[in-house]
Amino acid sequence: MLRVVNRVFLGLVGLVLLVLGGSVLAVGLGAPAPSWWIHDSEHDVLLSEAERTRWQDDGWWWPVVIAALAVLLLLALWWLVAILRRRRLAEILVDTGDGEGALLRGRALEGVLTQEAGRVAGVAGARAHLTGRRTAPEARVRLALEPHVDPGTALTDFTTGALTHARTSAGLESLPAEVSLRGVKHGAERVS
């Protein structure tokens, strides 16, 4: 969901900037100004003397401008951090029992969990992702169920089989999982 919102937001911001920048460039090169444009010709300045000094003597103007720019900066930084933050867990710290630890690649455990989940009766396809911290991983699993499969049974088989095996093989005390179930599309059956 975040990926879709991010792409739509980037597309809208890019479109607005392209339209504004293109119109500024076109008017600056001598094209007639559009009817919605705030300036009249290529020799018109972006901010006139009156527009720049309009609220200069009001005590509220500069604090409001600075606060608005600070909020925009904080939102932009939050968005950048959200984009750059890694969604997947790269490695898991496994307790080896000798006081040392071993690192298990997150993708390896994801692959094993995906393969074992795909072998559960009634599961047509599976996909697993690990999130969280390397000392306390969490699994997000999507299971595509075949038609006429009881979702409760498939979920129980997955949690007692593949998920339990992944937890014990990695030496984890717990492996919380968020499992999404969906049905596979299938053609209509003929009734006679």
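Figured I'd write up the structure that's included with this text. On a predicted model such as this, the values are computed, not experimentally measured, just so you know. Per chain, residue numbering runs from 1 following the sequence as it is written. In keeping with the predicted nature of the model, local features appear solely for residues at pLDDT of at least 70, side-chain atom pairs appear and are counted solely at 80 or more, and the whole-chain, interface and lining totals rest on all residues. Derived side-chain values reflect all non-hydrogen atoms in the structure, with water molecules and hydrogen atoms excluded from consideration.

Secondary structure elements follow DSSP: runs of H or I no shorter than four residues count as helices, runs of E no shorter than two count as strands, and numbering proceeds from the N terminus. If you tally the helices and strands in the protein, you get five helices and five strands. Every radius of gyration here is taken over C-alpha atoms, with the globule rule written as 2.2 Å times N^0.38, N being the number of residues. A compact globule built from 192 residues would reach a C-alpha radius of gyration of about 16 Å, whereas the protein, at 28 Å, exceeds it by more than 25%. Taken along its principal axes, the extent of the C-alpha atoms in the protein is 75 × 65 × 30 Å. Within the protein, the fraction of its 192 residues that count as buried is 18%. Put simply, of all contacts in the protein between residues at least 6 apart along the chain, 46% involve residues at least 24 apart. Looking at the protein as shown, the accessible area adds up to about 14500 Å², and 61% of this sits on carbon and sulfur atoms. Note on exposure labels: buried denotes an accessible area under 20% of the residue type's maximum, exposed denotes more than 50%, and partly exposed covers the range between, all computed with a 1.4 Å probe on protein chains only. Contacts are residue-level and defined by heavy atoms, with any inter-residue pair within 4.5 Å sufficient. Computed by Shrake-Rupley with a 1.4 Å probe, the accessible areas treat only the displayed protein chains as cover when residues are assessed.

Before going further, it helps to examine the nonpolar core. To define a nonpolar core, start from buried Ala, Val, Leu, Ile, Met, Phe, Trp, Tyr and Cys residues and group those joined through side-chain atoms within 4.5 Å. Counting 21 residues, the largest nonpolar core has Ile92, Leu109, Leu113, Leu130, Val141, Leu143 and Phe158 as the members making the most contacts within it. Within the residue set of this core, elements represented by two or more residues are helix H4 (106-118), strand S3 (123-133), strand S4 (136-145) and helix H5 (151-169).

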